[in-house]
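Coordinate inspection notes
Here's the letter readout for the chains.
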Amino acid sequence: MISRRAFLGALGTTVVGGPLLALAERPTGTRKKMAIITTEWRFASHAWHMGDRFLVGYPVGDHWHKPALDVVSAYVDQTPKNDLSRARAQEFGFRIYPTIADALRCGTNQLAVDAVLIIGEHGNYPHNELGQHLYPRYQFFKQVVDVFQKDGRVIPMYNDKHLSWKWEWAKEMVDKAHALHIPLMAGSSLPVTWRLPSVDVPYDAELEEVLCVAMGGLDSYDFHALEVIQCMAERRKGGETGVVALQALRGKAVWKALDAGNWGAGGWDPQLFEACLCRSQTLAQPPTFNQRHPTAAQVRQWVKDPVAYRFEYADGLKATMLLMNGLVGDFTFAARLKGKPELLSTLFYLPPMPNVAYSAPLMAKAEATFLTGKPPYPVERTLLTTGLVAAGMLSLGSGQKRIETPHLAVRYRAPRESTFARS
C-alpha cells in the first residue's frame, strides 16, 4: 500500500476550507473505518460503482491502490432481486444494519466510524408532478447529521450526485455542513474524469459563452452535463457569483433555438455547437460513413426528444446545456474566451463498462476527503448545479417559461489547481 503522502501526491489533490470543529480523530497508524449509506447495491448501481472501490481498490496510475479505510458497516434502503449488498458483506466482512444510526454507530451507542459515503441514486422511489425522482438524499443526510449532533462530533462525508431534488433542502444541507464544520464533498464524476484533450479553462480567464452537448435523461444526466459546464465556468475571472435566470426548451423549441444562430436571438453560438460535435467520439453517422458532420436535417431526424437549458450567470456569462440523445453518447464542452480567436473545447471521457474507470478518480477524491477532512473543491459547485437542475425541471413543467433564479446567487472561488484526471 502506498503512503498517504504518496497517494495524495499522485492525485494532485488541492484542499480547501477552514478549521474543523470536533472532527473525529483516530490514533496515528490505525486504519480508518467507513460506513456506506445507499438506496440499493446492485450491478451497475452507484453503490457498485463507488462502494466496491473501497472494498477491492482501484487503479491509480500504473498501480492498484488499496484505500486506507475499511468498510465496516452499511445501510441499504432497498434490496431488489439482484441485490449485491449481502454477498459483499459476507465476502468482505462488514455488517448491514437496519437503520442509518446503527450503521454509523456499528451497533454501539456512539459514532464508531471515521467517514461516510452517502449514495442516494437508483431504487424504486416515486416521481413528482415535474418528473423529479424523489431520491432520499436529504433524508439520509439529515439522519447522519442527527447522529453527529447527538454524539458530539462529525466525520467527513461524500454525497453522490446532486444534493436533493428540492432546492431548499439542498441549501439547508450545505448550510448545516458549514455550521457544524462537516467536511462535505458532493457531485458528479464528470469534473474529475479524463479530458481529451487534457485542457482546463485558464484560471481568471474572461468567458463570454459556454456550451455542453450531452446524452441521457432529465433529472439525471442533465446534472452531469451541468457539472461539466460548472467545473469549467467557475474558474473564470471574479469567481462564481451565481445564475440569474434559466429557460428550458424541449422538442420543436430546441430546433427553433438551433436555427436562431446566436444567443441574442434565442439560441447559442453555432461554432460552440460544432466544436462539441468535433470532440465527440460517438457522433451519429448515416449508413456506410465513419465520421461525417451531420446536416441540420439529420440532427432533427436522429434526435427524437431534444432538451436545452439556456441560463445566464450574474456576471453576464451565457451558457447552454443540450441533451441530444441519438446524436451523441458522450459529454463535450466548448467555450469562447474574450479576446481569443480560437475556441477552447474538450471531451469529458468516460471509459465504458465493465470497468467504468471514471468512478476511480472520483472515489480517489472522496478518499482524500475522508483522510484529510478537506474536500478538493467547494460543495457550492454542486449546490449551484443542484439548483440548476431543479430550475430546469420547473421551467419544463411550466410550459418552458424563463425562470428567474435570484436564489441561485451562489458565490465561491474554485481552487487554482486543476482537479481532473490526467494520464
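This section reports on the structure supplied with the text.

Here is what the cut-offs are and how they apply
Residues numbered from 1 in each chain as written. Predicted model: local features only at pLDDT ≥ 70, side-chain atom pairs only at ≥ 80, totals over all residues. Heavy atoms only, no water. Helix = DSSP H or I, 4+ residues; strand = E, 2+ residues; numbered from the N terminus. Expected span 1.5 Å × (residues − 1). Buried < 20%, exposed > 50% of the residue type's maximum accessible area, 1.4 Å probe, protein only. Contact = heavy atoms within 4.5 Å. Core = buried A, V, L, I, M, F, W, Y, C linked by side-chain atoms within 4.5 Å. Pairing = 2+ DSSP bridges. Axes fitted to C-alpha atoms, helices over the stretch in contact; angles between N-to-C directions. Polar contact = N/O pair within 3.5 Å; in protein donor to acceptor, adjacent residues only side chain to side chain. Parallel < 35°, antiparallel > 145°, perpendicular 65-115°, else oblique. Left-handed = near helix turned anticlockwise from the far one by under 90°. Nonpolar A, V, L, I, M, F, W, Y, C, P; charged D, E, K, R; others polar. Phe/Tyr/Trp six-rings, centres within 6.5 Å; stacked < 30°, edge-to-face > 60°. Salt bridge = Lys/Arg side-chain N within 4 Å of Asp/Glu carboxyl O.

Observations regarding helix α6 (residues 167-180)
In this model α6 runs 20 Å from its N-terminal to its C-terminal C-alpha over 14 residues, within 8% of the 20 Å that 1.5 Å per residue would give. What α6 keeps buried is the set W167, W169, A170, M173, V174 and A177. Elements that come into contact with the buried residues of α6 comprise α5 (137-151), β7 (157-160), β8 (184-187) and α12 (380-397). H181 occupies a position one or two residues after α6 and carries a positive phi of about 60°.

Digging into the nonpolar core
L104, M157, Y309, F311 and F333 are the most contacted members of the largest nonpolar core, which has 75 residues in total. Here this core gets eight residues from one element, more than from any other, and that element is helix α7 (residues 221-233). Setting aside its immediate chain neighbours within four residues, F311 contacts L226, I229, V243, A245, L246, W263, L317, K318, A319 and L388. Listed in part, the 28 residues of the second largest apolar core include F54, A74, L117 and Y358.

Quick notes on the sheet that holds strand β16 (residues 402-404)
Here we have eight strands laid out as an open sheet, ordered β9-β15-β14-β10-β13-β12-β11-β16, and mixed in their pairing. The open sheet has two free edges, formed respectively by β9 (194-196) and β16, since each of these has just one partner strand. Adjacent strand axes in the sheet meet at a mean angle of 20°, parallel and antiparallel pairs treated alike. The pairing of strand β10 (residues 207-214) with strand β14 (residues 331-337) spans six bridges and is classified as antiparallel. Note that in β14 the partner of L211 across the bridge is A334. The strands that α7 touches are β9, β10, β12 (307-313), β13 (318-323), β14 and β15 (344-349); relative to β13, the one it contacts most, it runs at about 150°.

Re the side chain of Q230
Take Q230: it is sitting in helix α7. For Q230, the side chain forms a polar contact with the side chain of Y313, separated by 2.8 Å. Other than its neighbours up to four places away in sequence, Q230 contacts E240, Y313, R381, L384, T385 and Y412.

Focus on the packing of helix α2 (residues 46-56) against helix α11 (residues 359-372)
Running from N to C, α2 and α11 point in directions that differ by 60°, and their axes come no closer than 10 Å. The orientation of α2 with respect to α11, classified from their angle, is oblique. Relative to α11, α2 is oriented so that their crossing is right-handed. Judged by residue contacts, H49, M50, R53 and F54 of α2 engage S359, A360, L362, M363, A366, E367 and F370 from α11. Of the residues belonging to the contact of α2 with α11, the class tally is seven nonpolar, two polar and two charged.

Quick notes on the packing of aromatic side chains
A full pass over the atoms with the stated rule returns nine aromatic pairs. Summarising the aromatic geometry, the rings of F54 and F370 are spaced 5.9 Å apart at their centres and angled 40° between planes, so their arrangement reads as tilted. Placement of the pair is F54 in helix α2 and F370 in helix α11, with a sequence separation of 316 residues. Across this residue pair, the class does not change: F54 and F370 are buried.

What to know about unusual backbone geometry
With an omega dihedral of 0°, the bond running from L196 to P197 counts as a cis peptide bond. Mapped onto the fold, P197 is located in the loop between β9 and β10. The step from M353 to P354 runs through a cis peptide bond, and the omega angle for that step is 5°. For P354, the location among the structural elements is in the loop between β15 and α11.

Some remarks on the pattern of salt bridges
In the structure shown here, the tally under the stated rule is 21 salt bridges. The salt bridge involving D315 is made with R236; its shortest N-O contact spans 2.6 Å. Separated by 79 residues along the polypeptide, D315 in the loop between β12 and β13 and R236 in the loop between α7 and β11 (243-250) bring together distant segments of the chain. Taking the relative accessible area as the measure of exposure, R236 reaches 2% and is therefore buried. Through salt bridges with shared partners, one network takes in E121, R137 and K161.

Brief notes about the environment of I403
If you trace the backbone, I403 turns up in strand β16. For I403, a relative accessible area of 14% corresponds to the buried category. The spacing of I403 and G392 is 11 residues in sequence and 8.3 Å in space, taken between C-alpha atoms. Apart from residues no more than four positions distant in its own chain, I403 is found in contact with V244, A245, L246, A391, L394 and S395.

Side note on the side chain of T193
You can see T193 is positioned in the loop between β8 and β9. A residue is classified by how much of its surface remains accessible, and T193, at 0% relative accessible area, is buried. Contacts of T193, omitting those with residues within four sequence positions, involve F348, Y349, L350, P351, Y358, F420 and A421.

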